[in-house]
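Survey of secondary and tertiary structure
Given next are the chains, with one letter for each unit.
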Amino acid sequence: MMMMRRDLMNILSCPHCQGELELKMATDNDEEIVDGTLLCVSCGRSYQIEDGIPNLLPH
Ligand SMILES: [Zn+2]
């Protein structure tokens, strides 16, 4: 299982436009993001993180 670690934010990009993703409304423990929303700063699409797993698949 791929957990959403904080340092993953540096390598993730928007699957739609390859834009930069910004983390919003996150619940985290020390190193892992448990729940939250990734917002693309370029196209405005948002992606959910649920149970530590970022859902970057297009809907
Ligand atoms: Zn985008």
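Everything below is about the structure printed above this text.
Described in the following lines is the structure provided in the data block. (Residues numbered from 1 in each chain as written. Predicted model: local features only at pLDDT ≥ 70, side-chain atom pairs only at ≥ 80, totals over all residues.)

Here we come to the overall build of the protein. Summing up its helical and strand segments, the protein has zero helices and four strands in all. When the helices and strands of the protein are listed from N to C terminus, the series reads β-β-β-β. Judged by the C-alpha coordinates and their principal axes, the protein covers about 30 × 20 × 20 Å. The proportion of buried residues among the 59 residues of the protein is 14%. Long-range contacts, defined as pairs at least 24 residues apart, comprise 35% of the intrachain contacts of the protein with a sequence gap of at least 6. (Helix = DSSP H or I, 4+ residues; strand = E, 2+ residues; numbered from the N terminus. Buried ≥ 20, exposed ≤ 12 C-beta atoms within 10 Å, placed from the backbone. Contact = placed C-beta atoms within 7 Å.)

Here the focus is the pairing of strand 3 (residues 46-50). Successive side chains on a regular strand alternate, one facing one side of the sheet and the next facing the other. In strand 3, alternate side chains face the same way, and those of Tyr47 and Ile49 are buried while those of Ser46, Gln48 and Glu50 on the opposite face are not. Following strand 2 (residues 33-40), the chain reverses through five residues before pairing antiparallel with strand 3; Gly44 in that reversal takes a positive phi of roughly 80°. Of the strand pairs in this sheet, strand 3 and strand 4 (residues 53-54) are connected by two bridges, and their pairing is antiparallel. Among the inter-strand pairings, Glu50 is bridged to a residue of strand 4, identified as Ile53. In this structure, the hairpin formed by strand 3 and strand 4 is closed by a connection of two residues, where Asp51 is found at a positive phi of approximately 50°. (Pairing = 2+ DSSP bridges.)

Moving on to the environment of Gly52. With respect to the helices and strands, Gly52 occurs in the loop between strand 3 and strand 4. Taking the C-alpha atoms as reference, Gly52 lies 21 Å from Gly19; in sequence the two are 33 residues apart. With residues up to four places along the chain from it excluded, the contact list for Gly52 reads Met3, Met4, Glu32, Ile33 and Val34.

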